[in-house]
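Per-entry structural report
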Amino acid sequence: MTGQDHTPGHFRPAADDHPLNQTTETRGTDIAPTLTGATAAVRELLLALSVGFSIPSPLPDSLGDHHLVDHGGLDSIIAAAKDAGLLSPDGSVVGTARYALLKGTPAARIRALQKELVDKTLQEGQALGELARDLARSGFKNPRVVAELEKAADAVLETDPAQAAELYSEALMAGGKELATAARRAQATAATGDLDSAGRIVDRLLAMPEPPDLRLGVDVAAAVWAQRGMLSRSADTYSWLGSDRIDGSAPLAAVAMIGSGNSVGAEELLAVAPPSGSPTLLAVALSLTQEGLRQTLGPAPELALPELIRASDMMNAAGTSIPLPETPSALAALCALHSGEPGVADTVLKAALAGGQGGDAARPRLFLLRAWSSMQQDNADEARLAINEAVKANHWPLAPRDEFLLAALDVGLARRGSDVHELVLAWDKAREAMMHVSVDLYSLLPWGELMITAARLRESRRVSHYVEGAWDLLGRLGNPPLWSVPLHWAAVQAALLSEDPAGLAPHAAALVRASEHSHLASVLAAGGKAWVSVLAGRFEASDVETAARGLAAVGMPWEGARLAGHAAAHADERRDMVKLLACARDIHPQSAAPSGGASERQEDVHTAVVAPPVMDNGGSPGNPDSSGLSAREREVARLILEGKTYREIGEAIYISPRTAEHHVARMRRRLGAENRSELLVRLRLALGEGYPPP
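Just so it is clear, the structure is predicted and the values come from calculations on it, not from any experiment.

1. So, unusual backbone geometry
Most peptide bonds are trans, and most residues other than glycine sit at a negative phi. In the Ramachandran plot, aspartate 213 falls in the positive-phi region, its phi being about 50° despite a non-glycine side chain. Assignment of secondary structure puts aspartate 213 in the loop between helix H10 (195-206) and helix H11 (214-227). If you check the backbone angles, glutamate 499 has positive phi at about 55° while not being a glycine. The topology assignment puts glutamate 499 in the loop between helix H26 (481-497) and helix H27 (501-514).

Given below as structure tokens:
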């Protein structure tokens, strides 16, 4: 078998089918008929090749020179085997003959040959390579095979954790000690997304009195706790490890501690465990991460985002996958989102996904954060595409932390789509998801979204204790503007929906105070003031327009368009109404031309501001479909069936109340309805199933 190496094809039957795994009762003593008449030398050669020996590598001692001399040399033995149809032209043993030999040979003889194979291979200075994997899978136990497999696993642990997990498992099959590689096996398993298995491995490790690779085991445990949505447990794990053993894990501990509200503990830990070792890409990435994160808490949070972006860049360049409570790219994206820079967040996340930052375990979260960025920029289609990518990112279900983020995304998309039915369904799922996680600094955006939705659905009690926990966490961190401003904005919106002026006041005041250090806070403070004036019925159209355009400029176009549209519906002057509707149309990224036909009044053309075209039943935006209604009329019909007034319809899809009334009148004529009740019945039939009765 000249040129042959120890490839899997020589010795890799399925574990249950391998002859060596058969019981004594099933293992026969007779050689298959195909071997009848073969000489002893041919049988010895075929058995050696079946076990894993190859030519021209050294053969077992049983095929010593006397055998070769007695039978005319090795070439004549090979020729005899081929003539008997037992050896293929490529030098491999025919499958039936190989199986018969391995099944009919005593296990002790097989193991002796395998040991001799390992000894001779290593004596020649060759690595066992795939042969080690084949031997391990066959049940051969040997310390040198174990060492070879563990070395191979260590080499790919940070670049291909799935491969590393397989190699570590095979090392155990070959007789490896579970405790010796427990931390690394847990790292590999967690990196693939299998949190339960990783947690079980590391639990057994940390329960030992003097476990090996303790710091790595703690890193894995902290990462698993974080993905489970219990970041405070990650911080507790590092506290248990102690500053005297923290060493290079100090930046990771700082991320966990700050995220759970313990910035003092993080500072103390970093003070006693300064960076050490060579400035590798990974070390620099971790150092920049903790430095940038600490700056988000300080008086100049605008310096934090560049620092965190550089940390993400260095992590991408390092190309390693280590256990992390939160990836640098996720922290950079969160910082950008909290700063009113969703476009920057999206760019950072794209680069991290392309670079494989965090491995398979991190991919769902990065995609979900991209979805949040798209949602905030009012791009629902891109958000749903990113959600789909997150769900199929690896072979495991979403971790609780990511499941919660997904639930909040579904709620946010339904709220922005003005779909009450979908919103109620999404809210029910979110209520369940929130029970599996606790509040931390890196989950404030979804909690803010749920706070607003709870107020809209009159279910604020469902989230009140979580929101209180968020304010308590921010208080322990000194109420840093970068992290607290978006939550104050969410509280303002929730108070407006709840018609709670007393609840609104402290958050509006907090936004005004934060305006001194935060541009986003100043924009949101103006937006909140505009909303109050609109709801009070005393507003200047120019002030509302300025506030709405300001919201759009900080990555909140939906919020800005909604403010302008709501103000237009309450404007006393036609001039102000037209101006505000034009503003809403201008800043709404999905706006399009009016959808009415030629018969639509000129007033509709000037005042209508349309939402994204709806393609129900294959109808085009401007033409009636099989129901006899245009896409815009179907949209109005859906809102009518939800019980909305003309003014509420106008606010939902950015048209004037008068235009909404025209649409309803046109539908009544087209459907031949004599009165409102008859219209509702016919609209429900036209729209099909899925719409509740009026």
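Having put the structure on the table, let's press on.
2. Examining the pattern of salt bridges
Applying the stated criterion across every chain yields a total of 32 salt bridges. Measuring nitrogen to oxygen at the nearest pair gives 3.6 Å for the salt bridge that ties glutamate 459 to arginine 462. Its relative accessible area of 25% is what places arginine 462 among the partly exposed residues. Through salt bridges with shared partners, a single network forms among Glu130, Arg133, Arg137, Glu166 and Glu170.

3. Overview of the environment of glutamate 516
Looking at where glutamate 516 falls in the secondary structure, it is placed in the loop between H27 and helix H28 (519-536). A relative accessible area of 67% means that glutamate 516 is categorised as exposed. Once the C-alpha coordinates of glutamate 516 and proline 481 are considered, the two residues, 35 residues apart in sequence, prove to be 10.0 Å apart.

4. Brief notes about the environment of glycine 555
By the element assignment, glycine 555 lies in the loop between helix H29 (541-553) and helix H30 (557-569). Residues glycine 555 and serine 339, spaced 216 residues apart in sequence, show a C-alpha to C-alpha distance of 9.4 Å. With near-sequence residues (within four places) excluded, glycine 555 lies in contact with Gly340, Pro342, Gln376 and Gln377.

5. A few points about the nonpolar core
The biggest cluster of nonpolar side chains holds 96 residues, and the ones touching the most others in it are Tyr238, Leu441, Tyr442, Leu450 and Trp483. Counting residues per element, this core draws most heavily on helix H22 (residues 400-416), which supplies nine residues. Leave out the neighbours within four places in its chain, and tyrosine 238 touches Val218, Asp219, Ala222, Ile246, Ser249, Leu252, Ala253, Ala256 and Met257. Counting 42 residues, the second-largest nonpolar core is a separate cluster that includes Leu45, Leu47, Tyr168 and Ala171.

6. Quick word on helix H34 (residues 646-653)
All buried positions along H34 are accounted for by Ile649, Gly650, Glu651, Ala652 and Ile653. Downstream of H34 by a residue or two, tyrosine 654 has a phi angle that is positive, lying close to 60°.

7. A short note on the side chain of threonine 105
By the secondary structure assignment, threonine 105 is in the loop between helix H4 (95-104) and helix H5 (107-123). A distance of 2.6 Å separates the side chain of threonine 105 from the backbone oxygen of leucine 101, its partner in a polar contact.

8. Notes on the packing of H34 against helix H35 (residues 657-671)
At a closest axis distance of 8 Å, the pairing of H34 and H35 adopts a crossing angle of 105°. Relative to H35, the element H34 lies roughly perpendicular. Across from Tyr646, Arg647 and Ile649 in H34, the residues of H35 making contact are Pro657, Ala660, Glu661 and Val664. For the contact of H34 with H35, the residue count by class is five nonpolar, no polar and two charged.

9. Observations regarding the packing of helix H14 (residues 250-259) against helix H16 (residues 281-295)
The geometry of H14 relative to H16 is characterised by a closest axis approach of 9 Å and an angle of 25° between their N-to-C directions. Considering their axes alone, H14 and H16 lie roughly parallel with respect to each other. Every pair of crossing elements has a handedness; the one defined by H14 and H16 is left-handed. Judged by residue contacts, Pro251, Leu252, Ala254, Val255 and Ile258 of H14 engage Leu286, Thr289, Gln290, Leu293 and Arg294 from H16.

10. A word on the side chain of lysine 644
Summarising the element assignment, lysine 644 is placed in the loop between helix H33 (631-641) and H34. Although buried, lysine 644 forms no salt bridge, and the nearest oppositely charged side chain, glutamate 642, lies 4.4 Å from it.

11. Structural notes on helix H12 (residues 231-241)
Considered for burial, the residues of H12 that qualify are Leu231, Ser234, Ala235, Thr237, Tyr238 and Leu241. Down the axis of H12, the buried side of the element spans an arc of 155°, and every buried residue falls inside it. Buried positions along H12 lie against H11, helix H13 (243-246) and H14. Where H12 ends, the next residue or the one after it, glycine 242, has phi of about 90°, a positive value.

12. Some points on the confidence of the model for the protein chain
In this model, the protein chain carries an average pLDDT of 82, and 86% of its residues clear a pLDDT of 70 or more. Averaged pLDDT values over the elements of the protein chain bottom out at 35 in helix H32 (residues 602-607) and peak at 97 in helix H18 (residues 328-338). Taken together, the stretch residues 591-625 has pLDDT below 50 and engages in 74 contacts with residues farther than four places along the chain or on a different chain.

13. Considering the packing of aromatic side chains
Scanning the entire structure with this criterion turns up three aromatic pairs. The interplanar angle of 40° and the centroid separation of 4.6 Å between the aromatic rings of phenylalanine 404 and tryptophan 447 together place this pair among those described as tilted. Pair noted here: phenylalanine 404 is in helix H22 and tryptophan 447 is in helix H24 (residues 444-456), with a separation of 43 residues, a long-range link. Across this residue pair, the class does not change: phenylalanine 404 and tryptophan 447 are buried. An aromatic cluster is built from Phe404, Trp447 and Tyr466, whose rings are joined through pairwise contacts. In this structure, arginine 245 packs its charged tip against the face of tryptophan 240, placed 5.7 Å from the ring centre.

Each value, and the rule that gives it
- Residues numbered from 1 in each chain as written.
- Predicted model: local features only at pLDDT ≥ 70, side-chain atom pairs only at ≥ 80, totals over all residues.
- Heavy atoms only, no water.
- Helix = DSSP H or I, 4+ residues; strand = E, 2+ residues; numbered from the N terminus.
- Salt bridge = Lys/Arg side-chain N within 4 Å of Asp/Glu carboxyl O.
- Buried < 20%, exposed > 50% of the residue type's maximum accessible area, 1.4 Å probe, protein only.
- Contact = heavy atoms within 4.5 Å.
- Core = buried A, V, L, I, M, F, W, Y, C linked by side-chain atoms within 4.5 Å.
- Polar contact = N/O pair within 3.5 Å; in protein donor to acceptor, adjacent residues only side chain to side chain.
- Axes fitted to C-alpha atoms, helices over the stretch in contact; angles between N-to-C directions.
- Parallel < 35°, antiparallel > 145°, perpendicular 65-115°, else oblique.
- Nonpolar A, V, L, I, M, F, W, Y, C, P; charged D, E, K, R; others polar.
- Left-handed = near helix turned anticlockwise from the far one by under 90°.
- Lys, Arg positive; Asp, Glu negative; His and termini not counted.
- Arc of directions from axis to C-beta.
- pLDDT = per-residue confidence, 0-100.
- Phe/Tyr/Trp six-rings, centres within 6.5 Å; stacked < 30°, edge-to-face > 60°.
- Lys NZ or Arg CZ within 6 Å of the ring centre and 35° of its normal.

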